[in-house]
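Observations on the model geometry
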Amino acid sequence: MRPITLLTGASAGIGTALAHEFANHGHELVLVARREQRLNALADAIAGKGHTRPTVVAIDLQSAEAGPHIAAALTERGLEPGVVINNAGFGLVGLAADLDIAEQRDMIDLNVSALTDLSLRFLASLERHKGGILNVASIAGFMPGPRSAVYYATKAYVLSFTEALHQELAPRGIRVCALCPGP
């Protein structure tokens with residue numbers, strides 16, 4: 001099995017920037033997001049710079065089947081993560097009581113559940129490759145966030161979970177850290 005860097009939320013913003021940065025440092029990438037057309041455009045741009053063309057896996061990470069689907073897609077291609085970057089996520093602005101509950105639950109599914117699944121799903125390969133996990137949190141994880149209460153809470157989870165995994169997985173040679181961008 002060939003080690004790769006698995007990057008979620010690669011179709012825009014920080015994810016796209018991380019894809020270019022990791023490709024520039026010699027990582028073979030698997031790009032994951034919903035928007036296949038954008039992922040293919042990014043993969044082509046990276047290949048156009050002389051890097052290995054990333055593999056594209058288009059899937060909605062809010063789906064409970066996303067983790068198993070990604071794992072199967074990697075196995076089918078003879079790939080396994082040496083690095084997992086959990087970047088996919090979104091936020092909503094407004095009073096929690098006024099925002100659509102289903103949308104807020106979708107945010108929790110993506111920002112918390114999918115990130116947890118992918119952080120834990122590939123531990124054996126991360127250990128084999130002495131790899132790591134990069135979870136994109138936010139400065140929002142350090143404080144409460146009126147008018148974005150659920151978003152801030154999800155990022156607090158990401159930060160706390162990542163710090164705990166850092167301690168738990170260090171003896172296994174797996175590095176774990178959080179990236180906490182601001183506005």
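Everything in this summary refers to the structure shown in the same document.

What counts and what doesn't
- Residues numbered from 1 in each chain as written.
- Predicted model: local features only at pLDDT ≥ 70, side-chain atom pairs only at ≥ 80, totals over all residues.
- Heavy atoms only, no water.
- Axes fitted to C-alpha atoms, helices over the stretch in contact; angles between N-to-C directions.
- Helix = DSSP H or I, 4+ residues; strand = E, 2+ residues; numbered from the N terminus.
- Left-handed = near helix turned anticlockwise from the far one by under 90°.
- Contact = heavy atoms within 4.5 Å.
- Nonpolar A, V, L, I, M, F, W, Y, C, P; charged D, E, K, R; others polar.
- 1 Å grid on protein atoms, 1.4 Å probe; cavity = no way out; pocket = protein on both sides within 12 Å on 5 of 7 lines; lining within 4 Å.
- Points joined across faces, edges and corners; volume = space filled by probe spheres on them.
- Pairing = 2+ DSSP bridges.
- Buried < 20%, exposed > 50% of the residue type's maximum accessible area, 1.4 Å probe, protein only.
- Core = buried A, V, L, I, M, F, W, Y, C linked by side-chain atoms within 4.5 Å.
- Right-handed = clockwise from strand over helix to strand, strands pointing away.
- Parallel < 35°, antiparallel > 145°, perpendicular 65-115°, else oblique.

Some details on the packing of helix α3 (residues 66-76) against helix α4 (residues 101-121)
Put simply, α3 and α4 touch, their axes get as near as 9 Å, and they point 35° apart. Where α3 crosses over α4, the two elements pack in a sense that is right-handed. Two secondary-structure elements touch here, α3 through G67, P68, I70 and A71 and α4 through D117, L118 and R121. Split into classes, the residues belonging to the contact of α3 with α4 amount to 4 nonpolar, 1 polar and 2 charged.

With respect to the layout of surface pockets
Approximately 600 Å³ is the volume attributed to the largest pocket. Along its surface, the largest pocket is lined by 28 residues, and N87, A88, G89, F90 and G91 are the ones closest to its centre. Per-element tally for the lining of the largest pocket: the top contributor is helix α6 (residues 149-169), with 3 residues. Tallied by class, residues from the lining of the largest pocket come to 16 nonpolar, 8 polar and 4 charged.

Quick look at the sheet that holds strand β6 (residues 175-179)
Ordered in space as β3-β2-β1-β4-β5-β6, the 6 strands form an open sheet in which the pairing is parallel. The open sheet terminates on both sides in strands that have one partner only, identified here as β3 (55-58) and β6. Pairs of neighbouring strands in the sheet enclose a mean axial angle of 25°, with direction left out of account. Across 6 bridges, the pairing between strand β1 (residues 2-8) and strand β4 (residues 79-86) is parallel. The partner of R2 across the bridge, within β4, is L79.

Quick word on the pairing of β4
The element β4 is largely enclosed, with a buried count of 8 among its 8 residues. Looking at chain direction, β4 and strand β5 (residues 132-136) are connected through 4 bridges and run parallel. From the neighbouring strand, V83 faces β5, where its bridge partner is G132.

A closer look at the nonpolar core
Ranked by internal contacts, the top residues of the largest apolar core, which has 30 residues, are L6, V30, V32, L61, I70 and F122. At the level of elements, β1, β2 (29-33), α3, β4, α4, α5 (123-128) and α6 are the ones that each hand at least two residues to this core. Top contributing element to this core by residue count: α3, with 5 residues. Setting aside chain neighbours within four positions, we find L6 in contact with V30, V32, I70, V83, V84, I85 and F122. Judged by nonpolar contacts, the second largest core, of 18 residues, contains L18, L29, A33 and V56.

A word on the pairing of β1
In terms of burial, β1 is a largely internal element, 5 of the 7 residues being buried. In the classification by handedness, the crossover that spans β1, the intervening helix α1 (residues 13-24) and the parallel β2 is right-handed.

What to know about the packing of α1 against helix α2 (residues 36-48)
Direction vectors running N to C along α1 and α2 enclose 30°, while the axes themselves pass 11 Å from each other. Considered as vectors, α1 and α2 are oriented roughly parallel to each other. Remark: the crossing between α1 and α2 carries right-handed chirality. Along its contact with α1, which presents T16, A19, H20 and A23, the element α2 presents L42, A45 and I46. Looking at side-chain class alone, the contact of α1 with α2 contains 5 nonpolar, 2 polar and no charged residues.

Looking at empty space enclosed by the protein
All chains considered together, the criterion is met by 1 cavity of 30 Å³ or more. Its boundaries defined by the atoms lining it, the largest cavity holds a volume of some 50 Å³. Lining the largest cavity are T8, L61, N86, N87, A88, L110, A114, L115 and L118. Here the lining of the largest cavity gets 4 residues from one element, more than from any other, and that element is α4.

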